[in-house]
Every structure is written in structure tokens, then in C-alpha cells.
Amino acid sequence: CQGHKMAVARLKTIANHLNLSPEVVQWGSRVTAHLTSGRLSSLPTSPEFRYTVDGGALTHEQRTFYEENGFLVVKNLISHDKIDAYSKRFEEICRGEVIVPNLTIMKDISLVKSKANLPKDSTSVTKIQVFQEDPVLMGYCTSPEVLQYVESFSGPNISVFHTMLINKPPDSGTKSSRHPLHQDMYYFPWRPIDRVVCAWTAMEHVDRSNGCLVVVPGSHREGKIKEHGYPQWEGGVNLNYQGILDYDENSPRVHLVMEKGDTVFFHPLLIHGSGMNRTKGFRKAISGHYYQTDSTIIDVAGTVQEQGIQGTIDMVLKQHKAYEDSPTANIPLKELSIMLVQAASRVVRGNPGGLHY
């Protein structure tokens, strides 16, 4: 019908804005999508384990710990030299010396509200996202040190999505440097869930004073994506920093004190967040979310995930000014989800395969 043709035309326009194309880049191929009826993971795993698969670097003891708790810290995984290179690149990007296509740059809401003339350096940047077009930062996501462990969670065919370098600022007094407790899977429109894992590496010493990660051990085992929304914080909340609405404040929490180069791997249903940065310095970390390359995109319209994924799509389109000539109101959310994942994913190990939908 005519409406469908118009929607397809708008999708093509959005694809051009997001620089979607099938070429292969030096650090990995773009993720493609193929029509299918959908399927679950068929990767081999021992009967006693659900959240890890056979193969990769995890020991039996580590797999057992992750099974029970939903996270695992590997000490001193990434060398200081590599982390210093990522820090240097981040500074170059913030100063405008390096331009990364399709990069999302975020600023803390307290800085935005101040309407001050912000310096063009890292002190005004809270986070950069979707850095898959930068070979230096993608060196983290493709590093053998990380991927040897990711294989134990996602299997041998691995893609990365939602790449981030976080620069948590000193809190201005509004407590806006907090990140509410949430589940990462709220933002991801594919399955299987248990083949998804986040790798998060501390780029310096992190503890409660500068806003380390806090996790609720075992919360992934409930197997449910909870309802999220923006918390009603007096100082405001950063864009897309949504949190679980019915969180039990009495749930036991663990604060992850980590040193430079330490890496935590955690399940996408694990409830986690981070506190305020009460120091005068910035707290940096780099991360990526990995998934089984031949995962299946699902339709999240009408589900608990709709608001989170629509918010992410809106943020990306606004960043690339795609709203101006590509209204998305009549485009199905699933179609937009496919475009988003294709644009922001890269195959980093194994068979390129392709997403299914």
C-alpha cells in the first residue's frame, strides 16, 4: 500500500543519516538482518549452567559464581598502556581534534541547565556512545583479553552494541551524577537474553567516593525485565537514565571497588547502577555490550521495553538531525529497532551471520 511505501522511503532516508552500508571495516563487519521465524540459542552448555556456554576462558568456579550472582570481576584484565591510549583518544574527541562519525556525545544535565559557556574539552562531556567508527576505542571491544571471556557468555560468534566511554563528573550538588538502578536489557530489542553480556572496565581506581558500580547479586535470576521510568529527582535526571520503578530498597547491594584495568562482566537483567561522584576528579570507564550475532530482533511495541527502546531511537535520530526530514511516527517500532541495531553494532569475532527478525 501507499503508506507502506512511504514508510520504507523514510527508513531509507534514516539509513542514509546513520551511514548504514554493507561495507566491511577494519575492526569488524556491520551487522545485517535476515527475515526468519525466530529461534532460541542452540549453543552447547553444560546442564548445570544457564547463563554461560561451553568454551571461552571461564573456569568452572567462575561460571558457578556468575550463575548465582550475575556478575564476575576479572582483575587486571586490560593493560594500563591500553587504557591510557583510550583516555588520550577520549580527550582528542572532546577537544574536536578527532571527529568520529555517528558518535553520540552526552553532557550532564546540571551543565546543560547552567547554560554556561562550556569548555571544549572532557570536563563538559559525561559520556560518549556508539564509537564503533573509531579504531582506537574499538580496540577495547575487539581486544582478545575481553573476547576470550565474552565467548563464555555469548558463544563463538560475537557482535558488540552500545559502546560507551563514561566520564562521570564531580557532582555539582544536584546529585545528577547518579545513575538509577536499572537493567540494561530494557534497552535491547533482541533475544536470547542469556547470550548478552556487558564488559565494563575501570580506567582508574573506582570506589563509593567516585561513584563505582553497585549491583544486586542474583537479581538476574528472576528472568524478568522490570518496568522502568525516570526517577523524580529534584536535581533532574540525565537523558535516558531510566530506573526500575518498583525497586525494593531493602535488597542487598554490593559496591564494586575496582582498580585500573579490572573488568566486570554482568548479565543484562542484573539490577545495577552507580552513585554520586563525591570527589573533585572525573571517574572514567569503558564498556561494550556483546550478544550472539545471529540473535533475533523482536517487536517490543506494547511491552515494558517500548519506552526504553523508543527513547534510544529518538536520541539517535535527534543527534543526527534525522527528525528534520524523516518523521518516524508511522514507522513500526520493530523496523526502527532493526535500523538502530544495524547502525550501532559490529561483528567482532566469528561468523558474521546476521540478525533475524
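Structural data are supplied above this passage.
Let me sum up the structure you'll find in this document. Predicted model only: the values in this text are computed from it and were never measured. (Residues numbered from 1 in each chain as written. Predicted model: local features only at pLDDT ≥ 70, side-chain atom pairs only at ≥ 80, totals over all residues. Heavy atoms only, no water.)

1. Topic: the overall build of the chain
Here is step 1 of the chain: On a plain count of helices and strands, the chain comes out with 8 helices and 20 strands.
Here is step 2 of the chain: The contacts in the chain between residues at least 6 apart in sequence include a share of 85% that link residues at least 24 apart.
Here is step 3 of the chain: Within the structure as shown, the chain displays about 15,300 Å² of accessible surface, and the carbon and sulfur contribution to it stands at 52%. (Helix = DSSP H or I, 4+ residues; strand = E, 2+ residues; numbered from the N terminus. Contact = heavy atoms within 4.5 Å. Areas by Shrake-Rupley, 256 points an atom, 1.4 Å probe, with all protein chains shown as cover.)

2. Side note on the pairing of strand E7 (residues 158-168)
As a general feature of sheets, a regular strand has side chains that alternate between the two faces.
Here is step 1 of the chain: In terms of burial, E7 is a largely internal element, 10 of the 11 residues being buried.
Here is step 2 of the chain: Judged from the 3 bridges that link them, E7 and strand E19 (residues 346-349) form a sheet pairing that is antiparallel. Paired with Ser159 across the bridge in E19 is Val347.
Here is step 3 of the chain: Of the strand pairs in this sheet, E7 and strand E17 (residues 283-292) are connected by 9 bridges, and their pairing is antiparallel. Across the sheet, Met164 pairs through a bridge with Ser287, a residue of E17. (Buried < 20%, exposed > 50% of the residue type's maximum accessible area, 1.4 Å probe, protein only. Pairing = 2+ DSSP bridges.)

3. Side note on the sheet that holds strand E14 (residues 254-255)
Here is step 1 of the chain: Taken in spatial order, the 4 strands make up an open sheet running E8-E16-E11-E14, and their pairing is antiparallel. Lying at the two open borders of the sheet, with one neighbouring strand each, are strand E8 (179-182) and E14.
Here is step 2 of the chain: Two strands pair when backbone bridges link them, and strand E11 (residues 213-215) and strand E16 (residues 272-274) are joined in this way by 3 bridges, in the antiparallel orientation. Within E16, the position partnered with Leu213 by the bridge is Ser274.

4. A word on helix H3 (residues 80-94)
For an α-helix, 3.6 residues make a turn, and residues three or four places apart therefore share a direction.
Here is step 1 of the chain: Between the first and last C-alpha of H3 there are 21 Å, a value that for 15 residues agrees with the 21 Å anticipated at 1.5 Å per step.
Here is step 2 of the chain: Where H3 is buried, its residues contact strand E6 (127-129), helix H5 (135-141), E7, strand E10 (197-202) and E17.
Here is step 3 of the chain: Directly after H3, the chain includes Gly96, whose backbone phi takes a positive value near 80°. (Expected span 1.5 Å × (residues − 1).)

5. Let's talk about the nonpolar core
Here is step 1 of the chain: Val146, Phe265 and Tyr290 are the most contacted members of the largest nonpolar core, which totals 37 residues.
Here is step 2 of the chain: Taken together, the elements giving at least two residues each to this core come down to strand E4 (71-74), H3, H5, helix H6 (144-154), E7, E10 and E17.
Here is step 3 of the chain: Membership of the second largest hydrophobic core comes to 28 residues, among which are Val31, Trp190, Val196 and Leu317. (Core = buried A, V, L, I, M, F, W, Y, C linked by side-chain atoms within 4.5 Å.)

6. Examining the side chain of Lys127
Here is step 1 of the chain: Mapped onto the fold, Lys127 is located in strand E6.
Here is step 2 of the chain: For Lys127, which is buried and forms no salt bridge, the nearest opposite charge comes from Asp184, at a distance of 8.6 Å. (Lys, Arg positive; Asp, Glu negative; His and termini not counted. Salt bridge = Lys/Arg side-chain N within 4 Å of Asp/Glu carboxyl O.)

7. A short note on helix H8 (residues 333-344)
Here is step 1 of the chain: Counted at 1.5 Å a residue, the expected span for H8 with its 12 residues is 16 Å, and the 16 Å between its end C-alpha atoms agrees.
Here is step 2 of the chain: Taken across its 12 residues, H8 has 10 buried, putting it largely inside the fold.
Here is step 3 of the chain: Along H8, the residues that are buried comprise Leu333, Leu336, Ser337, Ile338, Met339, Leu340, Val341, Gln342, Ala343 and Ala344.

8. Quick notes on the pattern of salt bridges
Here is step 1 of the chain: Following the criterion strictly, the structure yields 12 salt bridges and no others.
Here is step 2 of the chain: When the shortest N-O distance is used, the salt bridge between Arg89 and Glu92 registers 3.5 Å. Placement of both Arg89 and Glu92 in helix H3 is noted, with a separation of 3 residues, approximately one turn of the helix.
Here is step 3 of the chain: Residue Arg89 is classed as buried on the basis of its relative accessible area, which comes to 17%.
Here is step 4 of the chain: A salt bridge links Arg95 to Glu97, with the nearest nitrogen and oxygen atoms 2.7 Å apart.
Here is step 5 of the chain: Residue class for Arg95 comes out partly exposed when judged on its relative accessible area of 37%.
Here is step 6 of the chain: Three or more residues are tied together by salt bridges with common partners; here these are Lys88, Arg89, Glu92 and Asp134.

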